[in-house]
Amino acid sequence: MAVAATVTLTVTAAAFGGSLADRAGAAAPADARPAAAADAAGHGHEHWVDTWTSMPQLTEPGNMPPAPYTQDGAVFADTTLRQTVHVTLGGPSLRLHLSNAFGGAALPVTAVSVARPVDGRSGARAIVPGSSRPVTFGGRPGVTVPVGAQMVTDPLDFPVAAGETLTVTVYLAAGQQSTSITSHPGSRTTSYMLRGDHLDDADLDGAAQVNHWYFLSAVEVRAAAADRATVVLGDSLADGRGSTDNGDDRWPDRLRARLAQHADTAGTAVLNQAAGGNRVLNDGLGPNALSRLDRDVFAQPGAGSLVVSEGVNDIGTADATPAAQQAVTADLINAYRQIVLRAHAQGLPVYGATLTPFGGNQYDDAAGLREASRQAVNDWIRTSGEFDAVLDFDRAARDPQAPRRLRPDLDVGDHLHFNPAGYQALADSVPLRLFGPGAR
């Protein structure tokens, strides 16, 4: 017989108001009305914009929750899950997205709350006492997310500051009756799980911890009419392999920090829709980039532009033969054209990032065939005029003395990924004018 499961998601906001409602059956509070009612309540020209995202993936065996949270045929039975997210834009109210995109069974969510983490830190286990607020789904405390679907919460009047860290806590009474579940393994952020219903506990003392996000795929805020989001379609270099756990120092994080410093660009959210091992042409870790455009880019509320920053894994996993490398180069260029074509049809400008060096990494080959492919793709990105602008990450990252390699001071050590200084260098190379009012 399945055991009840609690998953807790905690969200930190600059401020909050109102009392904690009884999630066991009280009527929905006024600040948790269904979206249609709230949208009709006189919010002027404000609109919903995603302020944080994580790309949903099928969870691999090594990234499943540890025992006893994974059992035969069930996950998160009688478990509370607490997760933190670092948002980009702020706003007076928020909505959460819960995803069951890759679930093998329906996902029954018993209750969800948001709160402020202690000290405002990403990866914090504890929340500020008294800060927890319930979120609802159509006025009810829980929801069942069908296989392959997502559910969006009712709006909650919970002011969120730009650059703030939020805690989201979810309780699953029955758990998910499948070991095919949805997550984002490359969170670089610590999450916590504990048996029992601890939705509003100030601290999950004794909780197990992992550096993965489960089920939570987006946070929206109600933002000013001019505010927009730029979506980053990427691989592990955008997902932040080599960045600091709980440090929020991937290059999209650092780009957002730069945008926040200027009035003309402060209204741009940065949505990280990247995953380690992802490829443009073929499935790898997560669906290929071409197949996920609708879900991960065009469906994001408030999306105003797209950054394409992947292709290295396509080149690196293709055979090191002339025929294979010629084919992957031609196919990548055609795929980029398709992405630009489809994004332009949605009214989105597209910025192409050049592919950074991998000399000395396992992707490198003695004959330099993969390097030749990288150079050919980069030449096309720079000179074709197909992209609306070019982010020249190659120029920012390469060693001037050995252009096939990363600068040693930016290399995390595997000659492919970056350390935090490297991710800062990528962010610093992005022209901010691409995200100001004149670019929209």
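This report concerns the structure included in the present document. (Residues numbered from 1 in each chain as written. Predicted model: local features only at pLDDT ≥ 70, side-chain atom pairs only at ≥ 80, totals over all residues. Heavy atoms only, no water.)

Some points on the overall build of the protein
Stage number 1. Counting its secondary structure elements, the protein contains 9 helices and 25 strands.
Stage number 2. When each of the 440 residues of the protein is scored for burial, the buried share is 57%.
Stage number 3. Sequence-distant contacts in the protein: of pairs separated by 6 or more residues, those separated by 24 or more amount to 82%.
Stage number 4. Accessible surface, the protein: about 15,800 Å² in total, of which carbon and sulfur atoms supply 51%. (Helix = DSSP H or I, 4+ residues; strand = E, 2+ residues; numbered from the N terminus. Buried < 20%, exposed > 50% of the residue type's maximum accessible area, 1.4 Å probe, protein only. Contact = heavy atoms within 4.5 Å. Areas by Shrake-Rupley, 256 points an atom, 1.4 Å probe, with all protein chains shown as cover.)

Some thoughts on unusual backbone geometry
Stage number 1. That bond from alanine 67 to proline 68 is cis: its omega, 5 degrees, falls within 30 degrees of zero.
Stage number 2. Position of proline 68 relative to the elements: it lies in the loop between strand E2 (57-58) and strand E3 (70-71).
Stage number 3. Of note in this structure, asparagine 246 is not a glycine but carries a positive phi near 65 degrees.
Stage number 4. Note on placement: asparagine 246 falls in the loop between helix H2 (236-239) and helix H3 (251-259).
Stage number 5. Backbone geometry places histidine 415, a non-glycine residue, at a positive phi of 65 degrees.
Stage number 6. Relative to the helices and strands, histidine 415 resides in the loop between strand E25 (402-406) and helix H9 (420-428).

Some remarks on the pattern of salt bridges
Stage number 1. In this structure the tally under the stated criterion is 20 salt bridges.
Stage number 2. For arginine 342, the salt bridge goes to aspartate 294, with nearest N and O atoms at 2.9 Å. Residue arginine 342 is found in helix H6 (residues 322-345), and its partner aspartate 294 is found in helix H4 (residues 293-298); the two are separated by 48 residues along the sequence.
Stage number 3. Residue arginine 342 is classed as partly exposed on the basis of its relative accessible area of 27%. (Salt bridge = Lys/Arg side-chain N within 4 Å of Asp/Glu carboxyl O.)

Section: empty space enclosed by the protein
Stage number 1. Inspection of the entire model under this criterion finds 5 cavities of 30 Å³ or more.
Stage number 2. Its volume calculated, the second largest cavity comes out at about 90 Å³.
Stage number 3. Taken together, Asp235, Leu237, Trp251, Ser309, Glu310, Gly311, Val312, Thr354, Leu355, Thr356, Phe393 and Leu426 make up the full set of residues lining the second largest cavity.
Stage number 4. Taken together, the residues that form the lining of the second largest cavity break down as 6 nonpolar, 4 polar and 2 charged. (1 Å grid on protein atoms, 1.4 Å probe; cavity = no way out; pocket = protein on both sides within 12 Å on 5 of 7 lines; lining within 4 Å. Points joined across faces, edges and corners; volume = space filled by probe spheres on them. Nonpolar A, V, L, I, M, F, W, Y, C, P; charged D, E, K, R; others polar.)

What about H9?
An α-helical turn contains 3.6 residues, so any two residues separated by three or four positions project in the same direction.
Stage number 1. Within H9, the full set of buried residues consists of Gly422, Tyr423, Ala425, Leu426 and Ala427.
Stage number 2. Tucked inside the fold, the buried residues of H9 contact H2, H3 and helix H8 (393-397).
Stage number 3. With a side-chain oxygen positioned 3.1 Å from the backbone nitrogen of alanine 421, the residue opening H9 is asparagine 419. (Polar contact = N/O pair within 3.5 Å; in protein donor to acceptor, adjacent residues only side chain to side chain.)

Description of the nonpolar core
Stage number 1. Counting 72 residues, the largest nonpolar core has Phe76, Leu96, Val109, Val112, Leu306 and Tyr336 as its most contacted members.
Stage number 2. Counting residues per element, this core draws most heavily on H6, which supplies 8 residues.
Stage number 3. Counting 26 residues, the second-largest nonpolar core is a separate cluster that includes Leu255, Leu406, Tyr423 and Leu426. (Core = buried A, V, L, I, M, F, W, Y, C linked by side-chain atoms within 4.5 Å.)

Some thoughts on the environment of alanine 224
Stage number 1. In this structure, alanine 224 sits in the loop between strand E18 (216-223) and strand E19 (228-234).
Stage number 2. Residues alanine 224 and glycine 90 lie 134 residues apart in sequence; the distance between their C-alpha atoms is 9.7 Å.

Digging into the packing of aromatic side chains
Stage number 1. Following the criterion strictly, the structure yields 11 aromatic pairs and no others.
Stage number 2. With centroids separated by 5.7 Å and ring planes inclined at 85 degrees, the aromatic side chains of tyrosine 351 and phenylalanine 435 adopt a geometry described as edge-to-face. You can see tyrosine 351 sitting in strand E22 (residues 350-353) and its partner phenylalanine 435 sitting in the segment after H9, a full 84 residues away along the chain. There is no split in this pair, since tyrosine 351 and phenylalanine 435 are both buried.
Stage number 3. Cluster of aromatic residues (ring-pair linked, three or more members): Phe76, Tyr214 and Phe215. (Phe/Tyr/Trp six-rings, centres within 6.5 Å; stacked < 30°, edge-to-face > 60°.)

A short note on the sheet that holds E22
Stage number 1. Across the sheet, 5 strands lie side by side as E20-E19-E21-E22-E23; this open sheet has parallel pairing. In the strand order of this sheet, the two ends are held by strand E20 (268-274) and strand E23 (389-391), each with one partner. Within this sheet the neighbouring strands show an average axis-to-axis angle of 25 degrees, counted without direction.
Stage number 2. Note that E22 and E23 share 3 bridges and pair parallel. Across the sheet, the residue bridging to tyrosine 351 is alanine 389, located in E23. (Pairing = 2+ DSSP bridges. Axes fitted to C-alpha atoms, helices over the stretch in contact; angles between N-to-C directions.)

Remarks on the sheet that holds strand E5 (residues 79-86)
Stage number 1. Ordered by their spatial adjacency, 6 strands build an open sheet running E9-E8-E13-E5-E15-E16, and the pairing between neighbours is antiparallel. At either end of the open sheet lies a strand with only one pairing partner, and these are strand E9 (133-135) and strand E16 (208-210). The sheet shows a mean angle of 25 degrees between the axes of neighbouring strands, direction not considered.
Stage number 2. The sheet contact formed by strand E8 (residues 111-115) and E9 spans 3 bridges and is antiparallel. Residue pairing in the sheet places valine 114 in a bridge with arginine 133 of E9.

Side note on the side chain of arginine 256
Stage number 1. With respect to the helices, strands and loops of the structure, arginine 256 is situated in helix H3.
Stage number 2. One buried charged side chain, arginine 256, makes no salt bridge at all; its nearest oppositely charged neighbour is aspartate 227, positioned 7.9 Å away. (Lys, Arg positive; Asp, Glu negative; His and termini not counted.)

Focus on H3
Stage number 1. Burial within H3 is extensive, with 7 of its 9 residues counted as buried.
Stage number 2. Listing the buried residues of H3 in full gives Trp251, Pro252, Asp253, Leu255, Arg256, Arg258 and Leu259.
Stage number 3. Among the structural elements, E19, H2, E20, strand E21 (303-309), H8 and H9 are those in contact with the buried residues of H3.

A few points about the pairing of E22
Stage number 1. Burial of E22 is two-sided: the residues Val350 and Gly352 facing one way and the residues Tyr351 and Ala353 facing the other way are all buried.
Stage number 2. Here E21 pairs with E22 via 3 bridges, running parallel. Looking across to E22, one finds that valine 307 is bridged to tyrosine 351.
Stage number 3. For the crossover from E22 across helix H7 (residues 369-383) to E23, the handedness is right-handed. (Right-handed = clockwise from strand over helix to strand, strands pointing away.)

Spatial relationships are all this shows, so hold off on functional conclusions.
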